[in-house]
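Structural features, examined
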Number of protein chains: 2
Amino acid sequence: MADRVEAIAITGLGEIVPGDDLPTLIADALADALAAASDIETLRDDDVLVVTQKIVSKAEGAIVDLTTVEPSAVAIEFARRYDRDARQVEVVLREAKRVVRMANGVIITETQHGFVCANGGIDASNVGPASGSIVTLLPRDPDASADRIRAAIRARLDHDLPVIVSDSFGRPWRFGIVDVAIGVSGLIPLDDLRGEPDADGRIMRSTVRAVADELASAAELALGKTANRPIALVRGASFRRGEARIRGALMPAETDLFR
Amino acid sequence: MADRVEAIAITGLGEIVPGDDLPTLIADALADALAAASDIETLRDDDVLVVTQKIVSKAEGAIVDLTTVEPSAVAIEFARRYDRDARQVEVVLREAKRVVRMANGVIITETQHGFVCANGGIDASNVGPASGSIVTLLPRDPDASADRIRAAIRARLDHDLPVIVSDSFGRPWRFGIVDVAIGVSGLIPLDDLRGEPDADGRIMRSTVRAVADELASAAELALGKTANRPIALVRGASFRRGEARIRGALMPAETDLFR
C-alpha cells in the first residue's frame, strides 16, 4: 500500500534521432543516474519507468516530412477554413482508422492501435529545428517499444523494470491535456478492485483504476513540456506486475458511448 | 522546473461525519504530520494539498439516505433492466442538469457545476457501514470547500497552501477511473504554455496542460481506494498560483464535441 510516491526525472539522455538504439541509450542513462550517488542508488520492486512518446517515435523513424505530403481536397478545405496546415491534416486523415469528430478545427480520430485522440496523436512540436516540416506519428506498436526498453534495462541492470510509454491526450468536457499510457511492458494497466472491500468494508462493484494513466500523469509533473527530459522513474506506487498490452485498457467501439 | 515530485499521504485524519469542521480537522492533521519529525518538516512554496471528495461531501452533509427516495418510473425501469438500485438512479437523475448518455446500464450526466461524469459523481461506496443506503453527492461548491480548507491551514500554519478537491472520474474510450480536480483554491488548474518555446525552440500553439488533474492523479497513487487515507501533499510540481475556479477548466457545452 503506497503512502509516498515519487516521480524522478532521469536526465542525461541526449538528443534522439532516427535510427538511435533507444533501449540501450535509456538503459545507459538509467545506469548513469543510479551510479551518480543520487538517492536512486538501486532499482526497487515498486519502480516503474515512464518514457514519453516523442523520443520513441523519433528513434523508430515514425516521422513524416510534410514537404513530401500532397494534401487532398478535404484536407486543403479543412485547413483553409480553420487556419491549419493542410499537409498535417492530410497525414492525420491517412493514419486514422476512423474519424470520430472533424469539426470546429478539431479532428479526433481512432488510430490503428485503438486510441481515440486529437489528430491521431500526430503533432508538430518538439521534433526538431523550428522549421515546421517534421511531424511525429505515434509509434507503430508502443507496447513492443516498451518491451524493448524493459529488455535492455534487464540486460544492463539485471532488474525487471516495468515500462510505460506515455503521450499527452486531451479529453472531452475538460480543457487541457494530461499524460496517459499508450504502451506498457511488465505491468497491468488497470487495477481491478471489484470484489474488494473499501475502507468501510463495502464490496466495490465497479472500481477499476487506470493506474498506468495515473503513473503517466505523475511522471509528467516531474518532466514538463518545455524541458528536454523525456523519461522519469516513478517509485512507490501500487501496481500489478504481469504481461499485458495497452489494448486491454481501451474501450472497444461497440461498447463505447462516445464514438 | 520540477525534476522530482512527491505525493505524500497525510495520515491521522479520523472518520468524518456530517457536521464535522473538516477544514480545522485537516489543518490539525497537517500540523501533526509536520510536527512528527517526518521529512515534511515545513510547508514549501511548491506544495499543494489534494483532498478527496468523499470526506468533503460527508462533512458538508452532501449525502442522501436512499430509504427516503421514491424512484420514478424511468428510474425503476432502467434499474430493473440493468440490475441497478432504482433509488440511486433516481438521485442521479434528480441531481443532473442534463443527461448526456443513458444506455447500457451507464448514466453520464452534466452536473450543475458543469462536470460531465458517470452518475453525476454520486456513488455508494466508502460512505458508511456496509448497509447500502447512504450515497454521497458531489459537494455543492467544491471550489468554496477548497477555499475553506486553505483558509484554515493559513490560519493554523501561517502558510498559503493551494488546495485541490479531487474525485475519480471515468473517461470515454478508455476503461478505468482516474482522479481529477473538481475544486481548486490558490492555483490555476490549467497551465497555458501556448506562445512558449518547446525544447527545440518551436513556439507551442496549443499546449494547455491540465496540471490540477495531473496533481489529483499523482495524489491518488499515494492514497489508494482501499485505504482510509483521503488527503495527500504533492510537493515539487510546477503550477501557477492564483485565484481561479474549476469552471475555467471545464469545456462549455457549446464548444464540446461530445455532449
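Residues numbered from 1 in each chain as written. Chains lettered and ligands numbered in written order. Predicted model: local features only at pLDDT ≥ 70, side-chain atom pairs only at ≥ 80, totals over all residues. Heavy atoms only, no water.

Points about the overall build of chain A
Counting its regular elements, chain A contains six helices and twelve strands. Overall size of chain A, expressed as C-alpha extent along the three principal axes, is 55 × 45 × 25 Å. Taken over 259 residues, chain A has a buried fraction of 59%. Contacts spanning at least 24 positions in sequence make up 64% of the contacts within chain A whose residues lie at least 6 apart. Surface exposure of chain A reaches about 10200 Å², of which carbon and sulfur atoms provide 50%. Between the averaged position of the 31 positive side-chain charges in chain A and that of its 40 negative side-chain charges there is a distance of 5 Å. (Helix = DSSP H or I, 4+ residues; strand = E, 2+ residues; numbered from the N terminus. Buried < 20%, exposed > 50% of the residue type's maximum accessible area, 1.4 Å probe, protein only. Contact = heavy atoms within 4.5 Å. Areas by Shrake-Rupley, 256 points an atom, 1.4 Å probe, with all protein chains shown as cover. Lys, Arg positive; Asp, Glu negative; His and termini not counted. Charge placed at Lys NZ, Arg CZ, Asp CG, Glu CD.)

Thoughts on the nonpolar core
Counting residues in each nonpolar core, the largest one holds 122 residues, and the members touching the most others are Ile 26 of chain A together with Ile 26 of chain B. With residues near it in sequence (within four places) discarded, Ile 26 of chain B still touches Leu 13, Leu 49, Val 51, Ile 55, Ile 149, Ile 153 and Ile 231 of chain B. (Core = buried A, V, L, I, M, F, W, Y, C linked by side-chain atoms within 4.5 Å.)

A word on the domain arrangement of chain A
All names here are of chain A. Here chain A is described as being made up of domain 1 (6-60 + 139-249) and domain 2 (63-136). Each of domain 1 and domain 2 has a C-alpha centre, and these two points are 26 Å apart. On the side of domain 2, 13 residues touch domain 1, which itself brings 15 residues to the contact. When domain 1 packs against domain 2, close to 1100 Å² is buried across both sides, 54% of that on carbon and sulfur atoms. Ranking the residues of domain 1 by area buried against domain 2 places Lys 54, Phe 169 and Arg 247 at the top, with a combined share of 43%. Counting across the interface, domain 1 meets domain 2 through one salt bridge. Residue Asp 123 is joined to Lys 54 by a salt bridge in which the shortest nitrogen-to-oxygen separation is 3.2 Å. Elements with a minimum of two residues in the side of domain 1 that touches domain 2: helix H2 (53-59), strand S8 (163-171) and strand S9 (174-185). Counting residues per element, the side of domain 1 that touches domain 2 draws most heavily on H2, at four residues. Considered class by class, the residues forming the side of domain 1 that touches domain 2 number seven nonpolar, two polar and six charged. (Domains from an automatic or database assignment. Buried area = accessible area lost by both parts, 1.4 Å probe. Salt bridge = Lys/Arg side-chain N within 4 Å of Asp/Glu carboxyl O. Nonpolar A, V, L, I, M, F, W, Y, C, P; charged D, E, K, R; others polar.)

Some words on the environment of Lys 54 of chain B
Assignment of secondary structure puts Lys 54 of chain B in helix H2 (residues 53-59). Judged by its relative accessible area of 11%, Lys 54 of chain B is buried.

Here we look at the sheet that holds strand S4 (residues 96-103) of chain B
All names here are of chain B. What the three strands build is an open sheet, ordered S4-S5-S6; its pairing is antiparallel. Taken across any chain shown, the strands that pair with only one partner, and hence form the sheet edges, are S4 and strand S6 (116-118). Direction aside, the axes of adjacent strands within the sheet are offset by 25° on average. Sheet topology note: the S4/strand S5 (residues 106-111) ladder contains six bridges and is antiparallel. Looking at S5, one finds that Met 102 is bridged to Ile 107. Packing against the sheet, helix H4 (residues 86-95) makes contact with S4 and S5, and its axis sits at approximately 130° to S4. (Pairing = 2+ DSSP bridges. Axes fitted to C-alpha atoms, helices over the stretch in contact; angles between N-to-C directions.)

Overview of the sheet that holds strand S5 (residues 106-111) of chain A
Residues and elements named next belong to chain A. Pairing is antiparallel in the open sheet, where three strands are placed in the order S4-S5-S6. Across the chains shown, the open sheet's two edge strands, defined by having one partner strand only, are strand S4 (96-103) and strand S6 (116-118). Each strand of the sheet is rotated relative to its neighbour by a mean of 25°, with strand direction disregarded.

Quick notes on the packing of aromatic side chains
All names here are of chain B. As enumerated under the stated definition, the model contains six aromatic pairs over all chains in all. Ring centres of Phe 78 and Tyr 82 lie 4.9 Å apart, and the angle between their planes is 55°; on these two criteria the pair is classed as tilted. Taken together, the positions of Phe 78 and Tyr 82, both in helix H3 (residues 73-82) and four residues apart, correspond to about one turn of that helix. On the accessibility criterion, Phe 78 (8% relative accessible area) is buried. Since its relative accessible area comes to 26%, Tyr 82 is described here as partly exposed. (Phe/Tyr/Trp six-rings, centres within 6.5 Å; stacked < 30°, edge-to-face > 60°.)

With respect to helix H1 (residues 22-35) of chain A
Note on helix geometry: an α-helix contains 3.6 residues per turn, so any two residues three or four positions apart are oriented the same way. Residues and elements named next belong to chain A. The terminal C-alpha atoms of H1, which comprises 14 residues, lie 20 Å apart, in line with the 20 Å expected from a rise of 1.5 Å per residue. Where H1 is concerned, the buried positions are Leu 22, Pro 23, Ile 26, Ala 27, Ala 29, Leu 30, Ala 31, Ala 33 and Leu 34. Along its buried surface, H1 packs onto strand S2 (47-52), H2, helix H5 (142-157) and strand S12 (231-235). (Expected span 1.5 Å × (residues − 1).)

A word on the pattern of salt bridges
Two side chains that carry opposite charge are able to pair once their charged atoms sit near each other. Taken as a whole and judged by the stated rule, the model has 50 salt bridges over all chains. Two residues, Arg 44 of chain A and Asp 46 of chain A, come together in a salt bridge whose shortest N-O distance is 3.1 Å. Owing to a relative accessible area of 38%, Arg 44 of chain A belongs among the partly exposed residues under this scheme. Put simply, Asp 160 of chain B and Arg 154 of chain B hold a salt bridge, and the shortest N to O gap is 3.3 Å. Relative accessible area serves as the criterion here: at 28%, Asp 160 of chain B is assigned to the partly exposed category. Taken together, the shared-partner salt bridges in this structure form one network comprising Lys 97, Arg 98, Glu 110, Asp 256 and Arg 259 of chain A.

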